[in-house]
Amino acid sequence: MENAIEIRHLAYSYPDDTATEHVVFQDLSLDIEQGSFVAVLGHNGCGKSTLAKHLNAILLPEGGTVTVYGLDTKQEENLLAIRQQVGMVFQNPDNQIVSNVVEEDVAFAPENLGVPSEEIRRRVDEALEAVGMAAYKKHAPHLLSGGQKQRVAIAGVLAMRPKTIVLDEPTAMLDPQGRQEVVSIVEKLSREQNITAILITHHMDEAICADRVIAMDDGKIIADGAPKDVFTKIDLLQSVGLTAPQTTLLLKALDDDGCALPLDALSVDDCAQALFRQISQAKA
Amino acid sequence: MLKDVTLGQYFPGETAVHKMDPRTKLVLVIVYIVALFLAKGAAGYALVAGCLLAVVWISKIHLKVILKGLKPLMLIIILTAVLNLFYGQGEPLVQFWIFKITKQGIENAVFMVLRITLLVAGTFMLTYTTSPIALTDGLESLLSPLKKIGAPVHELAMMMCIALRFIPTLIEETDKIMSAQKARGADFESGNILARAKALIPILVPLFISAFRRADELATAMECRCYHGGEGRTKLHALHYAGRDYTAYCLGALMLAGVIVLRRFGL
Amino acid sequence: MEPVLEIRNVSHVYGADTPFEHVALDNVSLTVGRGEFVGLIGHTGSGKSTLIQHMNGLLRPSNGQVLFEGQDVWSDAKLTRRLRFHVGLVFQYPEYQLFEETVFQDIAFGPKNMGLSEDEVRARVLRAAGFVGITEKELEKSPFDLSGGQKRRAAIAGVIAMEPDVLILDEPTAGLDPVGRESILENIRAYQAAQGASVIMVSHSMEEIASNVDRLLVMNDSHLVMDATPAEVFAKPEELVQMGLAVPKVTQVLLKLRELGVDVPASAFTVEQAEKLLLPLLKGGKAAC
């Protein structure tokens, strides 16, 4: 499989006076495969957002390289091409919507790219369709719910036809329903349109459906693998201020009590099935 | 609540006036204002007023709405009328103490009132029938020749668009901050002017900080969506002149010509 | 339990007599007892925010009464203002309301508005900072130089410093990471225990609600539809789902097991409770063979 993003020996530190997230990457290397759905976990200030901003050249590496679809982010002439390929969605939907009409906002990026009007129309309609907001195209964004606003923001990025979408804690300000809406759209885009999705979050439940989970602490990757491999390392996760899904915690607690249970049943269904098998066995 | 205040005086509609290209409307408003100032006599004013009424009728905007909009200007209109009334030259009709009212004074007063009313009502028609975004697009397009001499036309239009977008958000935020400070016992309603001004600090500081943070995040988000100034930008809704726009331009020119001809004859 | 705050048949209508008229609260009645930890859940727009703003007199009911220690809080303007100090309300993302030059001054804003002496203000600020784990060094910093989690704590301290009898928090843990969430909850519990105060907490996290509250209120479509113990509320998962809410993950697992035919009550909503329920089933079987 082709790599969407290749990070080699990335080093970066914030200047001292902007100590919002004083994180230092000393030597971070990471490959992201095209079309994969990757969840990045970590507590506040672990460097997740700093990493995200390197993926589309908002921040540039001090050492090492970030290569996006073969383009070095440090080369200035690559800037627009990189940003068009790697779309970015942020935490607060209010602060990324530019226009007071939904469709005008979605059109913003293709307008910037100089796409002809008829083509913009097509892309806007497609993008709004993909996030299920077509019915709202003439609405004013400030009257939408948080989840709807965030879907508009995703549509605004999709209209660039990116190959990768990076979502930096897109669900942190949403209610459970809004979170569900956003996560299922991200999953759909990755599965159906072969878009690489990089979802940064600290809701463990949202990471369950990813192909790959990367846990970070203090600018380093401490665990990287399939969700069931990462979440079973409960002690490691807890040592860096993360936790595992409740399902895993329950299985672990029972496992510690001496019942042999698989820890990698992450979803409610899998967990119940695992317990059911064990209970039936015990009965028999 | 603050957020119930509707901003921007746009009444959506599907009439010919609504659908007209914003550039046409902007130019015609200017033509209309010129005509209004060129009008000299009753016939000239009647022509201009007639045109406005025709536009109002086509746009299906109720006259009541316009009259309501004029209400806040009542004081200025009355003041102008009174001043003009007493400053006329010629044979006084009525005289008392140092005041005298002349025939010319009455004429001046009536025309001045008509002029102000028509001027304001005409510009109302522009904002009532054009969405703020269309208005911004129209302005940007009309002013684009100024880009050649280095005027930041696109940037100004973009700023206007973003301001329109964020006004409701910031109003809502003000509402929230006010409630939160009230919950800590802040008192905005009592005390003298100084005390009240001081009581605003707990609202203004968080509001400014939040506005700066929003601006910062918005700038990053815009960059991420490939914003790099106005150069090479296209539009979802490209402005197009249609048949109705040419008709409107012709009618506007006719009105202006009519007013100029009437003026020659002192009508 | 001694009642502290009473909401009696309260209704609230926004924009009455306009085309935007909207009934946000419809005939809601409830009583908060002293020292209770009450959870409040409901989907966005269900009327939760409107309800809590009635509890400290920020909103005036269109109908009905709000009583604090038996007195109608709207019967006298002085009483209404005093209510704000007795019923502290921490809004969502309270860190966005910080404004003073130092954290100390910001926390002191509430107590100063109460008209307390300088010594008393100082004592209260220090106590409040203690509850939320703000150090003396941090008290002298600008609130804008604190980290996200510390900002949130400073803002909560600003309300705690008024030493309210009832502390209301609207999603106090929103946007924080798991460690930040747990430590804020600990701060709240510490204040509740030390002051014997009542706490009302709005949250979207069923796990958080399940492991903290004694009693749970559920709002739906401007109505208070449930007022019971968490066990009783979470025993009605279908109803909750219909209201756009969820039951805790652990309860979902138990419900699934029941569906599969396992005889286990779905009355657990924390990992520890479920562990206790399931262990005999898993072990008991084993012991038998």
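Calculation rules
- Residues numbered from 1 in each chain as written.
- Chains lettered and ligands numbered in written order.
- Predicted model: local features only at pLDDT ≥ 70, side-chain atom pairs only at ≥ 80, totals over all residues.
- Heavy atoms only, no water.
- Helix = DSSP H or I, 4+ residues; strand = E, 2+ residues; numbered from the N terminus.
- Rg over C-alpha atoms; globule rule 2.2 N^0.38 Å.
- Buried < 20%, exposed > 50% of the residue type's maximum accessible area, 1.4 Å probe, protein only.
- Contact = heavy atoms within 4.5 Å.
- Areas by Shrake-Rupley, 256 points an atom, 1.4 Å probe, with all protein chains shown as cover.
- Buried area = accessible area lost by both parts, 1.4 Å probe.
- Salt bridge = Lys/Arg side-chain N within 4 Å of Asp/Glu carboxyl O.
- Polar contact = N/O pair within 3.5 Å; in protein donor to acceptor, adjacent residues only side chain to side chain.
- Domains from an automatic or database assignment.
- Nonpolar A, V, L, I, M, F, W, Y, C, P; charged D, E, K, R; others polar.
- Core = buried A, V, L, I, M, F, W, Y, C linked by side-chain atoms within 4.5 Å.
- 1 Å grid on protein atoms, 1.4 Å probe; cavity = no way out; pocket = protein on both sides within 12 Å on 5 of 7 lines; lining within 4 Å.
- Points joined across faces, edges and corners; volume = space filled by probe spheres on them.
- Phe/Tyr/Trp six-rings, centres within 6.5 Å; stacked < 30°, edge-to-face > 60°.
- Pairing = 2+ DSSP bridges.

1. Observations concerning the overall build of chain A
In step 1: Across its full length, chain A holds 12 helices and 10 strands.
In step 2: Here the C-alpha atoms of chain A give a radius of gyration of 20 Å, agreeing with the 19 Å that 2.2 N^0.38 yields for 284 residues.
In step 3: Judged by the C-alpha coordinates and their principal axes, chain A covers about 70 × 45 × 40 Å.
In step 4: The buried share of chain A, reckoned over its 284 residues, is 60%.
In step 5: Intrachain contacts of chain A at a sequence separation of at least 6 include 64% that bridge at least 24 residues.
In step 6: Here chain A displays about 10,400 Å² of accessible surface, and carbon together with sulfur accounts for 48% of that area.

2. Here's the deal with the interface of chain B and chain C
In step 1: Facing the 17 residues of chain B at the interface are 21 residues of chain C.
In step 2: Regarding the contact of chain B and chain C, the summed buried area is about 1,700 Å², with carbon and sulfur atoms giving 64% of it.
In step 3: At the boundary of chain B and chain C, one finds one salt bridge.
In step 4: A salt bridge links R184 of chain B to D106 of chain C; the shortest N-O distance between them is 3.0 Å.
In step 5: For the interface between chain B and chain C, the tally reads five residue pairs in polar contact (both at pLDDT 80 or more).
In step 6: Of all the secondary structure elements, the ones that give two or more residues to the side of chain B that touches chain C are α8 (153-183) and α10 (201-224) of chain B.

3. Focus: the environment of A210 of chain A
Residues and elements named next belong to chain A.
In step 1: For A210, the position within the fold is in the loop between α8 (204-207) and β9 (212-217).
In step 2: Its relative accessible area of 7% is what places A210 among the buried residues.
In step 3: Taking the C-alpha atoms as reference points, A210 and I195, 15 residues apart in sequence, are found 13 Å from one another.

4. Some points on the domain arrangement of chain C
All names here are of chain C.
In step 1: Assigned domains within chain C: domain 1 (3-230) and domain 2 (248-289).
In step 2: Counting from both sides, the interface comprises five residues of domain 1 and, opposite them, four residues of domain 2.
In step 3: Both faces considered, domain 1 and domain 2 share a buried interface measuring about 370 Å² in area, 74% of it formed by carbon and sulfur atoms.
In step 4: It is E207, A210 and P230 in domain 1 that bury the most area against domain 2; as a group they hold 77% of the surface buried on that side.
In step 5: One can count zero salt bridges joining domain 1 with domain 2.
In step 6: Linking domain 1 with domain 2 are one residue pair in polar contact (both at pLDDT 80 or more).

5. Focus: the interface of chain B and chain A
By a widely used convention, the size of an interface equals the accessible area lost when the partners come together.
In step 1: Each partner contributes to the interface: chain B provides 28 residues, whereas chain A provides 36 residues.
In step 2: Around 3,000 Å² of area is buried between chain B and chain A when both sides are counted, 56% of it from carbon and sulfur atoms.
In step 3: Counting the surface chain B buries against chain A, the share from its top three residues, R165, R225 and L236 of chain B, is 29%.
In step 4: Where chain B meets chain A, there are four salt bridges.
In step 5: Two residues, D105 of chain A and R225 of chain B, come together in a salt bridge whose shortest N-O distance is 3.4 Å.
In step 6: At the level of elements, α8 and α10 of chain B are the ones that each hand at least two residues to the side of chain B that touches chain A.
In step 7: Across the side of chain B that touches chain A, the residue classes break down as 15 nonpolar, six polar and seven charged.

6. A look at the domain arrangement of chain A
Residues and elements named next belong to chain A.
In step 1: On domain assignment, one finds that chain A holds domain 1 (3-242) and domain 2 (245-284).
In step 2: When each unit is reduced to the centre of its C-alpha atoms, the spacing between domain 1 and domain 2 is 33 Å.
In step 3: Taken together, the contact pairs nine residues of domain 1 with seven residues of domain 2.
In step 4: One can count zero salt bridges joining domain 1 with domain 2.

7. Thoughts on the nonpolar core
In step 1: In terms of nonpolar packing, the biggest core is built from 79 residues, with V106, I154, L158, F231 and L275 of chain A together with L257 and L278 of chain C touching the most fellow members.
In step 2: The residues touching I154 of chain A, leaving out its near neighbours within four places in the chain, are V89, V131, L167, V182, I185 and L189 of chain A.
In step 3: The next biggest cluster of nonpolar side chains, apart from the first, holds 49 residues, and it includes V103, L146, I156 and I184 of chain C.

8. Remarks on empty space enclosed by the protein
In step 1: Inspection of every chain in the model, using the stated rule, returns six cavities of 30 Å³ or more.
In step 2: Its boundaries defined by the atoms lining it, the largest cavity holds a volume of some 190 Å³.
In step 3: Lining the largest cavity are 16 residues, and of these D137, M158, C161, R233 and K235 of chain B sit closest to its centre.
In step 4: Every element with two or more residues in the lining of the largest cavity is listed here: α3 (102-106) and α4 (108-112) of chain A together with α7 (132-143) and α8 of chain B.
In step 5: Of the residues belonging to the lining of the largest cavity, the class tally is six nonpolar, three polar and seven charged.
In step 6: Empty space within the second largest cavity amounts to approximately 80 Å³.
In step 7: Every residue along the wall of the second largest cavity is listed here: A180, A183 and R184 of chain B together with L89, V90, F91, P94, Q97, L98, D106, A155 and V159 of chain C.
In step 8: Sorting the residues of the lining of the second largest cavity by element identifies α8 of chain B together with β6 (87-90) and α6 (148-160) of chain C as the ones contributing at least two each.

9. Some words on the packing of aromatic side chains
All names here are of chain B.
In step 1: Counted by the stated rule, this structure contains nine aromatic pairs over all chains.
In step 2: Considering the side-chain rings of Y241 and Y246, the 5.9 Å spacing of their centres and the 50° angle between planes classify their relative orientation as tilted.
In step 3: Exposure remark for Y241: the relative accessible area of 32% places this residue in the partly exposed category.
In step 4: By relative accessible area, which is 48% here, Y246 ends up partly exposed.
In step 5: Ring geometry for Y241 versus Y249: centroids 5.8 Å apart, planes at 70°, classification edge-to-face.
In step 6: Here the aromatic residues Y241, Y246 and Y249 are joined through ring pairs into a cluster of three or more.

10. Considering the sheet that holds strand β2 (residues 22-33) of chain C
Residue and element names in this part refer to chain C.
In step 1: Pairing is antiparallel in the open sheet, where four strands are placed in the order β2-β1-β4-β5. One side of each edge strand has no neighbouring strand; the edge strands of this open sheet are β2 and β5 (71-72).
In step 2: Strand direction decides the pairing type here: strand β1 (residues 3-14) and β2, joined by eight bridges, are antiparallel. Looking at β2, one finds that E6 is bridged to T31.

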